[in-house]
Amino acid sequence: MLKRLFTLVPAAVAAMFSGAGAALAEGVVAKSKPWQMWLQEPMSPSAEMVHDLNVLLMWIEVAIVIFVLAIMAYVMVRFSEKNNPTPSKTTHNTMLEVAWTAIPILILVGIAIPSLKTLYFADHTPDAEMTLKVKGNQWYWSYGYPDHGDFEFDSVYVPEEELKPGQPRLLTVDTPVVLPVDTNIRLLLTSNDVIHNWAIPSLAVKLDTTPGRTNETWTRINQPGDYYGMCSELCGVNHGFMPIHIKAVSKEDFAKWVAGAKEEYASNDTDKQPVRLAKAQVR
Amino acid sequence: MAHAEAHHDDHHHPGFFTRWFCSTNHKDIGTLYLWVSMFAAIVGGLMSWYIRAELAEPGLQFISNDAEGKQFYNVLVTGHGFIMVFFVVMPAMIGGFGNWFVPLMIGAPDMAFPRMNNISFWLLVAGFLLLLTAAFIDGGPGTGWTVYPPLSSIDFHPGRAVDFGILSLHVAGASSILGAINFIVTIFNMRAPGMTIHRMPLFVWAILVTAFLLLLALPVLAGGLTMLLTDRNFGTAFFNPAEGGDPVLWQHLFWFFGHPEVYIIIIPAFGIISQIVSTFSKKPVFGYLGMAYAMAAIGVVGFVVWAHHMYTIGFNVDTRAYFTAATMVIAVPTGVKIFSWLATMWGGSIKFEVPMMYALAFIFLFVVGGVTGVTLANASADLVFHDTYYVVAHFHYVMGLAAILAMFAGWYYWIGKMSGRRYPEGLARIQFWFFVIGVNVLFFPQHFSGLAGMPRRIPDYPDAYAPYNYISSVGALITAIGTLLFFVVIWRTYASKETVEANQWGEGATTLEWHVASPAPWHTHEELPDMTGKAPAE
């Protein structure tokens, strides 16, 4: 294991310095990196706002922890039995008590304003240019394109032993969902069986797929590339094995892909769910 | 006088079975609760170490790569949560320390309903046995402690495991409701003359607030559990969308109980820490009324924030805005508590005995867990944090570790009173450092895993998360050593010949339990102490 750590450190350092330049050649690869200490790089307008909010929150929180620790350290030294043999009997100080009630309220109001702005912005888009339907299944995702001929296909986990070189473990699916960049995409989510959660950290999208309900949110992908996520609601034995892979392409490439996809998936009877080995195993 | 007391005690030497199985004595029942809690902690702890062993490296090493193996992992996650919440923390804090010290601190001879106290305890044991049964039949419940339908419905968990889990919670819930009634009646009616409600020690305040939370929250869980049980077995469809039900209804019922539940766990810890900080600073608690009503406020607000556990269910955005605002309000009374503890120490003459070291560690961990709670209160931030290890780190800091540290603090603080023996000083300090360093190494890196997006409740993870998970597992090993050492401390304490006097901690310890002998005799406060005109007993 230590050997693994030693090989991961240089890899992480290399990843930090290689940066966007190398990645841009084939589009970004939006997934977590070893030793990452922060959020994944934001790749949608909502994600950028969430990212900024978290920066604000983190600084406030680090300051509070340091403030409390500093007081604790001072008190432990200054008012130890040795340095202060006779304790005071002070038990009230109205000014102080008002201050430590009022100041936190002000800080919280300061947090609430950008937080609620972000919340309302990320909730839905009034002018969606297209819609993607997401359906959760035990344990794969189905995607539908109602604005492009209403074809549907499944996106199924590829187990480790079938991976091709370069494909990430636990994040690879047989058919990634293809989406255009710089497009307001409405997402409609539901489920066929239990509750799942469709989550892409770098786009700040995370919403339950619940049977009997259709949930709505939206996204707008900034750059072409590969975006990875994982199911984020415990959904049974293969919960850890139903990844999400978005292939974001330019609008032109998307149009080309749609033309081909219509051919390929139009024959699929969308009402019938394909029988999956994974599904057969559990019943 | 001494002769009379000894003579009186002679009447009370019940045999082993009568004493421990038919007990109506609050001290013996408290002791029983503490032992059950420790036994359950071993079971729940072993489950968590199994999880950490599996997660130490990417890939599946300790579970098989098939449906049975992955179900077993989910059962571990479920069992660990249930056991730690219902059978470790609650029994130790409320059943153990509450039973032992509420009557002693308010000057009452026993609890108001001693026989009900006994049935509360045995229902808890029954609940624990039902939960263990659930884990061993039909593949076990792999639903997480949240038991969300449809995953927990008959279609996706056929077999009896989930039913046994439901019955376990029903029985444990009944135990807690009876216990809560007992505490409320005792505290309202059996205080010594002159001990007004505003002169009760803060630990008694904490147990009172907790008892109200239990009384109001648990029936809602019981209702939800019954609906789930009838959905599974009798053809109802409360949570089945195909027949007009709604799985989200369960989440509302569960979290309406579940959020107060986390305060049920942490408020008794507040009480213990207040006693200890005051005792070892040799100062009364700063802002006594503010401290008492901060707990009450946390309890009240705790009932109107439940849906912050459900930000991703597809709520209306205004609903999420409300729950964001309401949740952040909780930071204010908790801030008051932190600052009041600091102000209690300020100007004090601090003695760094082991309970005080644990209290200081508690304050630090609680602050770290508290500030990440402010992040998670934001429905907007939840778009990246929901169901990640950031949440796991947050709640382990703020209620898991903080509660466990407060339990250790309480144990070291009161073991002299309970056993009459002194704990081994050097060993206790070593135990403290192993445990506190261990849990921080274990849980701090999980903040980073969570920021990077690692989902919780998965047995394997993408390779990028390997480094932090490995560190976490090393931390689990250090914590395990600290835990083992604690059992050595218990053994050395009971084997010790070193007795302690009635007031082990000196001038700072002012509450009534330090006025009775150590170990506390079979019956205490047979003549009610007169507290008229005395300073608040904190």
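Quantities reported herein were computed from a predicted structural model and do not represent experimental measurements.

Draft legend 1. Focus on the overall build of chain A. Along chain A, the regular secondary structure elements total 5 helices and 11 strands. In chain A, buried positions account for 49% of the 283 residues. Pairs at least 24 apart in sequence give 66% of the contacts found in chain A among residues at least 6 apart. Here chain A has roughly 13600 Å² of accessible surface; of this, 62% comes from carbon and sulfur atoms.

Draft legend 2. Quick peek at the sheet that holds strand S3 (residues 140-145) of chain A. Residue and element names in this part refer to chain A. The 5 strands are arranged S4-S3-S2-S6-S9 in an open sheet whose pairing can be described as mixed. Every interior strand has two partners, whereas the edge strands, strand S4 (151-155) and strand S9 (215-219), have only one. Ignoring strand direction, the axes of neighbouring strands in this sheet form an average angle of 25°. Relative to S4, helix H4 (residues 251-266) is tilted by about 90°, and along the sheet it contacts strand S2 (130-137), S3 and S4.

Draft legend 3. Summary view of the packing of helix H5 (residues 114-136) of chain B against helix H6 (residues 161-189) of chain B. Residue and element names in this part refer to chain B. Remark: H5 packs on H6, axes separated minimally by 8 Å, with the N-to-C direction vectors making an angle of 165°. Considering their axes alone, H5 and H6 lie roughly antiparallel with respect to each other. Taken as a pair, H5 and H6 cross one another with a handedness that is left-handed. Each of Met116, Asn117, Ile119, Ser120, Leu123, Leu124, Ala126, Gly127, Leu130, Leu131, Thr133 and Ala134 in H5 lies in contact with H6, whose residues at this interface are Ala161, Phe164, Gly165, Leu167, Ser168, Val171, Ala174, Ser175, Leu178, Gly179, Ile181 and Asn182. Across the contact of H5 with H6, the residue classes tally to 15 nonpolar, 9 polar and no charged.

Draft legend 4. Focus on the packing of aromatic side chains. Residues and elements named next belong to chain B. The final tally for this structure, using the stated rule, is 74 aromatic pairs over all chains. Arranged with centres 6.3 Å apart and planes meeting at 10°, the rings of Tyr413 and Trp505 form a pair that is stacked. Taken together, the residues span a long stretch of sequence, with Tyr413 in helix H14 (residues 389-419) and Trp505 in the segment after helix H16 (466-495) at a distance of 92 residues. Judged by relative accessible area, which is 0%, Tyr413 ranks as buried. Put simply, the rings of Phe39, Phe82, Phe86, Phe87, Phe128, Trp145, Phe238, Phe239, Trp250, Phe254, Trp255 and Phe257 touch in pairs and so form one group of aromatic residues. Lying over the aromatic face of Tyr423, Arg422 brings its terminal NZ or CZ to 5.1 Å of the ring centre. A cation sits over an aromatic face here: Arg492 above Trp491, 4.9 Å from the ring centre.

Draft legend 5. Representation of the interface of chain A and chain B in the model. Between chain A and chain B, the contact holds 89 residues from the first and 96 residues from the second. Buried surface at the junction of chain A and chain B, summed over both partners, amounts to about 8100 Å²; 69% is from carbon and sulfur atoms. For chain A, the biggest contributors to the area lost against chain B are Trp100, Lys206 and Leu234 of chain A; these three give 9% of the whole. Between chain A and chain B we count 5 salt bridges in total. A salt bridge links Asp463 of chain B to Arg169 of chain A, with the nearest nitrogen and oxygen atoms 2.9 Å apart. Where chain A touches chain B, the interface holds 31 residue pairs in polar contact (both at pLDDT 80 or more). Every element with two or more residues in the side of chain A that touches chain B is listed here: helix H1 (2-24), helix H2 (45-78), helix H3 (94-123) and strand S8 (205-209) of chain A. Looking at the side of chain A that touches chain B element by element, the count peaks at 16 residues for H2 of chain A. Here the residues of the side of chain A that touches chain B sort into 50 nonpolar, 25 polar and 14 charged.

Draft legend 6. Broad picture of the packing of H2 of chain A against H3 of chain A. Residues and elements named next belong to chain A. Two elements in contact, H2 and H3, have axes whose closest approach is 9 Å; the angle formed by their N-to-C orientations is 165°. Looking at the two axes, H2 sits roughly antiparallel to H3. Every pair of crossing elements has a handedness; the one defined by H2 and H3 is left-handed. Together, Pro45, Ser46, Met49, Val50, Leu53, Leu56, Leu57 and Ile60 of H2 and Ile107, Gly110, Ile111, Pro114, Ser115, Lys117, Thr118, Phe121 and Ala122 of H3 make up the contact between the two elements. Residues of the contact of H2 with H3, tallied by class, amount to 12 nonpolar, 4 polar and 1 charged.

Draft legend 7. Layout of the pairing of S9 of chain A. Residues and elements named next belong to chain A. The element S9 is largely enclosed, with a buried count of 4 among its 5 residues. Judged from the 5 bridges that link them, strand S6 (residues 185-191) and S9 form a sheet pairing that is antiparallel. Along S9, the bridge assignment pairs Arg186 with Trp218.

Draft legend 8. Spotlight on unusual backbone geometry. With an omega dihedral of -5°, the bond running from Gln138 of chain A to Trp139 of chain A counts as a cis peptide bond. The residue Trp139 of chain A is located in the loop between S2 and S3 in this model. In this model, Ser518 of chain B is joined to Pro519 of chain B through a cis peptide bond whose omega is -10°. One can find Pro519 of chain B in the segment after H16.

Draft legend 9. Representation of the pairing of strand S10 (residues 225-230) of chain A within the structure. All names here are of chain A. Of all 6 residues making up S10, 6 are buried, and the element is well covered by its neighbours. By the bridge criterion, 6 bridges tie S10 to strand S11 (residues 243-249) in an arrangement that is antiparallel. Pairing of Gly229 across the sheet is with Ile244, part of S11.

Draft legend 10. Region of the structure containing helix H4 (residues 67-106) of chain B. All names here are of chain B. With 40 residues, H4 should cover 58 Å at 1.5 Å per step; its first-to-last C-alpha distance of 54 Å lies within 8% of that length. Where H4 bends most, at Gly98, the angle is about 50°. Taken across its 40 residues, H4 has 37 buried, putting it largely inside the fold. N-cap assignment for H4: the residue whose side-chain oxygen lies 3.2 Å from the backbone N of Glu68 is Asp66. Just downstream of H4 lies Gly107, where phi reads positive at about 75°.

Draft legend 11. Focus on the environment of Asn233 of chain B. Residue and element names in this part refer to chain B. Within the secondary structure layout, Asn233 lies in helix H7 (residues 202-233). When its relative accessible area of 31% is taken as the criterion, Asn233 is described as partly exposed. Leaving out residues up to four positions away in the same chain, Asn233 has contacts with Arg160 and Asp163. Side-chain polar atoms of Asn233 contact the side chain of Asp163, separated by 3.0 Å.

Draft legend 12. Up close: the nonpolar core. All names here are of chain B. Membership of the largest hydrophobic core comes to 195 residues, with the highest contact counts inside it found for Tyr358, Phe362, Ile363, Trp411 and Trp414. Broken down by element, the residue count for this core peaks at 22 residues, all from H4. Not counting residues up to four positions away in its chain, the partners in contact with Trp414 are Phe97, Phe101, Met105, Phe203, Ile272, Glu513 and Trp514.

Each value, and the rule that gives it
- Residues numbered from 1 in each chain as written.
- Chains lettered and ligands numbered in written order.
- Predicted model: local features only at pLDDT ≥ 70, side-chain atom pairs only at ≥ 80, totals over all residues.
- Heavy atoms only, no water.
- Helix = DSSP H or I, 4+ residues; strand = E, 2+ residues; numbered from the N terminus.
- Buried < 20%, exposed > 50% of the residue type's maximum accessible area, 1.4 Å probe, protein only.
- Contact = heavy atoms within 4.5 Å.
- Areas by Shrake-Rupley, 256 points an atom, 1.4 Å probe, with all protein chains shown as cover.
- Pairing = 2+ DSSP bridges.
- Axes fitted to C-alpha atoms, helices over the stretch in contact; angles between N-to-C directions.
- Parallel < 35°, antiparallel > 145°, perpendicular 65-115°, else oblique.
- Left-handed = near helix turned anticlockwise from the far one by under 90°.
- Nonpolar A, V, L, I, M, F, W, Y, C, P; charged D, E, K, R; others polar.
- Phe/Tyr/Trp six-rings, centres within 6.5 Å; stacked < 30°, edge-to-face > 60°.
- Lys NZ or Arg CZ within 6 Å of the ring centre and 35° of its normal.
- Buried area = accessible area lost by both parts, 1.4 Å probe.
- Salt bridge = Lys/Arg side-chain N within 4 Å of Asp/Glu carboxyl O.
- Polar contact = N/O pair within 3.5 Å; in protein donor to acceptor, adjacent residues only side chain to side chain.
- Expected span 1.5 Å × (residues − 1).
- Bend = angle between axes of the 7 residues up to and from the residue.
- Core = buried A, V, L, I, M, F, W, Y, C linked by side-chain atoms within 4.5 Å.

What is shown is where atoms sit, not what they do.
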